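# Structural features, examined
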Amino acid sequence: METPIKSKVFEQFNEATKTLLNPVLQDWKKQGGKIIGYFCSTVPEELITAAGLTSFRMRATGSTSTEMSDAFFSSINCSFPRHCFNLALTGEFKFLDGVVCVNSCDHVRRIYDNWKRFVPDTQFIEVMSLPRKTDPPQIAWYRDEINLLREKLEKHFGVKISDKTLWKAIKLHNETRRLQKKLYELRKKDKPPITGSETLAVMVAGTAMPKAQYNDMLRELLDELKGVEGPGDHRARLMLVGGILDDPAYVKVIEDQGGLVVTDSLCFGTRIMWVEVNENIKDPAEALARYYVAERPSCPRFYGEHDNRSNYVINMCREFKCDGIIGERLMFCDSWLVEHYMLGQDLKAAGIPMLKLDREYITGGVGQLRTRAQAFLETIGR
Amino acid sequence: MLVGGCDVGSATGKAVVMRDGEIVSYEIIPSTTKPEVTARMVMDKAVEKAGLSSIADLQYIVGTGYGRLKVPFANENISEITCHARGAQWLLPTVRTAVDIGGQDCKVMSLGANGKVLEFVMNDRCAAGTGRFFEAMARVLDCGLQGLSELSLQGKNPATISSQCSVFAESEVVTLVNEGMELADIVAGLHASIASRLNSMVRKVGLVEDVVLTGGCAKNDGLVKALEEKLGVTVKKLPLDPQIAGAIGAALIAAEKVSKQTMKSPA
C-alpha cells in the first residue's frame, strides 16, 4: 500500500516520531519553554500543560542498545524501560526539565529509583502512585496524588496552578481528543485516506509538542484529508490491541502485507482519546482522577476491568468493520500476556479472528513479523 | 495440468511437481546461503525427475518457506503456515492439528475440515524445538541425527533437562555426561523437554485429533514417541515424506490458482 498522504503538516508529525527533540520542541525550548517527560498515559498531562510546561511522553526512539541499562535491569525485563533508561544514562534526555514516573508496571516503576540516583542532573523527578482498582476510594486516592504533583510542580517551577488554569488545560486536551477522534472517523470509510502507520505517527506526535500548536496542525491535516480517498487496495481491515507501541514502522510491516490497520485499543491510540474528561464536575482534580482511573478505556494493569476491555475491543472492531484483530505485546509483559489470552477466548466466542504477536521495543525480526502477518491474512481468507 | 511447489527452508529446499492432483516427483536438498540458488537447484532436480525439460513446463508455481520472497520463478508466495496445513490435510484428510518442526522454527496449526488454518502459534525466536536444537545435541553427543532418534527410544529413565534453550541444554548435557549418566537416558530427556515445549504450544491452539507431525524432524521417531507421551494421544504417520508437506501444499495452491484462471477465461 502506497502512502496516500502528501502533506507538509503530516511530514512534521512524521518527523516528530523519528526523533526525541523534534523541531517543534526545539522552537519551544528556544523560546524558553520547559519540557516534562512522563511515563505512561495515566499521568495527567493536563497538569503539566496547566503549569505552562510541555508534556513529552517518554519513548526510546532511535535507541540501538541497552548495554548501559542492562547493568541495572536484566534481560528478562521489558525492553521499553531498558532502552529508555539507556538513553537517560547516555544523556539523550538532557533536554527534559523534569520527569514524572508512575507505577504503571514494575519494570517502568524501577526506572524512577534508578533515574533519581544515577541521573542526578534531572532536577525535577517525581513518581505518582496509581491505584490498581477503579472504585471511589481509588479515585479519591488518585485525586490526592494529582494534587500532590500539582503542589510539587507549583513549587519547583514557581507557578500557580489554579482551578481555572487547570480547567483551561483540560478543555484544550479534550479538544485534542475530539480532533484525534475525527481523524479516526475518516478511517471508517471503505477507502480510508490515512493508513494505520500514518495515524500512529499523528498520535505519537501529539505526545511530543505543545497541545495548542498540535491542535492547529491537526486541524490543518483534517482539512487536507476532507473528501480524500485512499487507494483501497488492502486485503483486510485490522484492529491493533496492546500496550506501548510508538513505532509506525512496525505497523507498516503489517500493512505492507495488505492488512490495513483502521483502529486500535492502544495507549498511543484510542485509549487516550476515545473518552473525554468530564467538564461538568466542580473540582478539576476530581475530574482528572475519575478520568484516569475509571472513565477512560483501561489497560490490563487495572484489576476487575477485563470484561469492559473485551467489550470495548469487540464494539470498536465492529464499529470499524474489522476482519481481524492483532494483539501485540512487549516481551515479558505479564499484564498483556494474560489479557491477550483471555481476549482471544472472548473474540473466539464473538467469531473474530485474532493473531497474537510478541515484540521487542525496537522493531526487529521483520521477517518473522511478516510471516505471521501474511499467514494471518491467509487464515482469515483475505 | 502441471504445477509446482517450492519450499525454501532454512535447512533444506524442497520441491514438488504435481500433475492433475497427483505427485509426479519431489526433491529435497540442503539449503545454500542464497535462497534463489537453492530454489533453482531443487526445482530443476524435481523437474528433471518428472521427465520434463524445464521449469517453464509448469503452469503455475507457488513459493513458500523462509526464502519464499526469493523464488525467482514463482508466480506468487504463500506463507509456510498455510502451505504446511494444506499439505498435511491432503496427505491425511482427518488431520485437525499439525505440528511442523523445521530447521529454525516450529509451529502448531489447528485446521478446519477443509485444510484451512483456524489458528496458529509459532516459535522462531529460539532454537528450542527445532532442527537446529537436535543438530546441536547430536554434535555434542557425537551420535548423528539418526543415532539421536535411536538412542532416545532406548532411554529407560529419561533425564530431567530443565533448560529448553539449546545453549543451556548443551551445558546440562555435558554435565550429565560427566556424571556418567546413560547416554540413552540423556537423549530421551532431551526429547521429553522439547516435547513439553511443543505440548504447551499445542494447548495454546487446542488439542484436536488427528495430530500429525510435519517437517524434517517428523522423521525422528524418538520425538514422535516423546510427543505422544506428552499429548496423551497417538500422532498419526503421514503416508509420504513429512518433510515435503509444505511444498505439497504450495503445489496444491498452485493447482487451485490454475483451475480458477481456467474457469475465468472463456473456453
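Residues numbered from 1 in each chain as written. Chains lettered and ligands numbered in written order. Predicted model: local features only at pLDDT ≥ 70, side-chain atom pairs only at ≥ 80, totals over all residues. Heavy atoms only, no water.

All names here are of chain A. In terms of residue burial, strand E7 (residues 324–330) counts as a mostly covered element, since seven of its seven residues are buried. Of the two faces of E7, the one carrying Gly 324, Ile 326, Glu 328 and Leu 330 and the one carrying Ile 325, Gly 327 and Arg 329 are both buried. With five bridges connecting them, strand E5 (residues 236–242) and E7 associate as parallel partners. Considered in E7, the bridge of Gly 242 is made with Glu 328. Pairing analysis gives six bridges linking E7 to strand E8 (residues 354–359), with the strands arranged parallel. Following the sheet pairing, Leu 330 is matched in E8 by Arg 359. Assessed by its sense of winding, the connection that carries the chain from E7 through helix H13 (residues 334–350) to E8 is right-handed. (Buried < 20%, exposed > 50% of the residue type's maximum accessible area, 1.4 Å probe, protein only. Helix = DSSP H or I, 4+ residues; strand = E, 2+ residues; numbered from the N terminus. Pairing = 2+ DSSP bridges. Right-handed = clockwise from strand over helix to strand, strands pointing away.)

Time to look at the domain arrangement of chain B. Residue and element names in this part refer to chain B. Domains assigned within chain B are domain 1 (1–92 + 239–267) and domain 2 (94–237). Here the C-alpha centre of domain 2 lies 26 Å away from the C-alpha centre of domain 1. Each partner contributes to the interface: domain 1 provides 18 residues, whereas domain 2 provides 28 residues. The largest per-residue losses of area from domain 1 upon contact with domain 2 belong to Tyr 66, Ile 81 and Leu 92, which jointly make up 35% of the total buried on that side. Here domain 1 and domain 2 share one salt bridge between them. For Asp 241, the salt bridge goes to Lys 219, with nearest N and O atoms at 3.2 Å. At the junction of domain 1 and domain 2, the tally comes to eleven residue pairs in polar contact (both at pLDDT 80 or more). Examining the composition of the side of domain 1 that touches domain 2, we find that eight residues originate from one element, helix H2 (residues 80–91), more than from any other. (Domains from an automatic or database assignment. Contact = heavy atoms within 4.5 Å. Buried area = accessible area lost by both parts, 1.4 Å probe. Salt bridge = Lys/Arg side-chain N within 4 Å of Asp/Glu carboxyl O. Polar contact = N/O pair within 3.5 Å; in protein donor to acceptor, adjacent residues only side chain to side chain.)

All names here are of chain A. In total, this model carries 38 salt bridges over all chains according to the counting rule given. Taking the shortest distance from any N to any O, the salt bridge between Asp 27 and Lys 30 comes out at 4.0 Å. Residue Asp 27 and its partner Lys 30 are located together in helix H2 (residues 23–30), separated by three residues, close to a single helical turn. Take Lys 30: its relative accessible area is 68%, and that puts it in the exposed class. Through salt bridges that share partners, Glu 175, Arg 178, Asp 216, Arg 219 and Glu 276 make up one connected network.

Residues and elements named next belong to chain B. Direction vectors running N to C along helix H4 (residues 144–154) and helix H7 (residues 221–231) enclose 40°, while the axes themselves pass 7 Å from each other. Of the possible angle classes, the one that applies to H4 and H7 is oblique. Taking contact as the criterion, the partners of Ser 149, Ser 152 and Leu 153 in H4 are, on H7, Asp 221, Gly 222 and Lys 225. (Axes fitted to C-alpha atoms, helices over the stretch in contact; angles between N-to-C directions. Parallel < 35°, antiparallel > 145°, perpendicular 65-115°, else oblique.)

Our focus in this paragraph is the layout of surface pockets. A water-sized probe, rolled over the atoms, reveals where empty space remains. Roughly 1400 Å³ of volume is contained in the largest pocket. In terms of lining, the largest pocket is formed by 44 residues, of which the most central are Lys356(A), Asp358(A), Val121(B), Met122(B) and Lys204(B). Those elements that provide at least two residues to the lining of the largest pocket are H13, E8 and helix H14 (366–379) of chain A together with strand E7 (106–111), strand E8 (117–123) and helix H6 (183–205) of chain B. Looking at the lining of the largest pocket element by element, the count peaks at seven residues for H13(A). Classifying every residue of the lining of the largest pocket gives 20 nonpolar, eleven polar and 13 charged. (1 Å grid on protein atoms, 1.4 Å probe; cavity = no way out; pocket = protein on both sides within 12 Å on 5 of 7 lines; lining within 4 Å. Points joined across faces, edges and corners; volume = space filled by probe spheres on them. Nonpolar A, V, L, I, M, F, W, Y, C, P; charged D, E, K, R; others polar.)

Below, the discussion takes up the confidence of the model for chain B. For chain B, per-residue confidence averages 90 on the pLDDT scale, and 98% of positions sit at 70 or higher. In the model of chain B, helix H5 (residues 166–178) of chain B stands out as the element of lowest mean pLDDT, 83, in contrast to strand E4 (residues 60–64) of chain B, which has the highest, 97. (pLDDT = per-residue confidence, 0-100.)

The interface of chain A with chain B comprises 13 residues on the first partner and 18 residues on the second. For the pair chain A and chain B, the summed buried area comes to about 1500 Å², and 44% of that belongs to carbon and sulfur atoms. Taken together, chain A and chain B are joined by one salt bridge. Put simply, Glu119(B) and Lys348(A) hold a salt bridge, and the shortest N to O gap is 3.0 Å. At the surface where chain A touches chain B, the tally comes to seven residue pairs in polar contact (both at pLDDT 80 or more). Where the side of chain A that touches chain B is concerned, the elements lending two or more residues are E8 and H14 of chain A.

Okay, the sheet that holds strand E2 (residues 54–57) of chain A next. Residue and element names in this part refer to chain A. In space, the four strands of this open sheet follow the order E2-E1-E3-E4, with parallel pairing throughout. This sheet does not close on itself; its edge strands, each paired only once, are E2 and strand E4 (125–128). Neighbour-to-neighbour, the strand axes of the sheet open up by a mean angle of 25°, direction not taken into account. In the sheet, strand E1 (residues 35–38) pairs with E2 via four bridges, with the strands oriented parallel. Opposite Ile 35, over in E2, you have Thr 54 as the bridge partner. Helix H6 (residues 136–157) rests against E1, strand E3 (98–102) and E4 of the sheet, and its axis sits at about 170° to E4.

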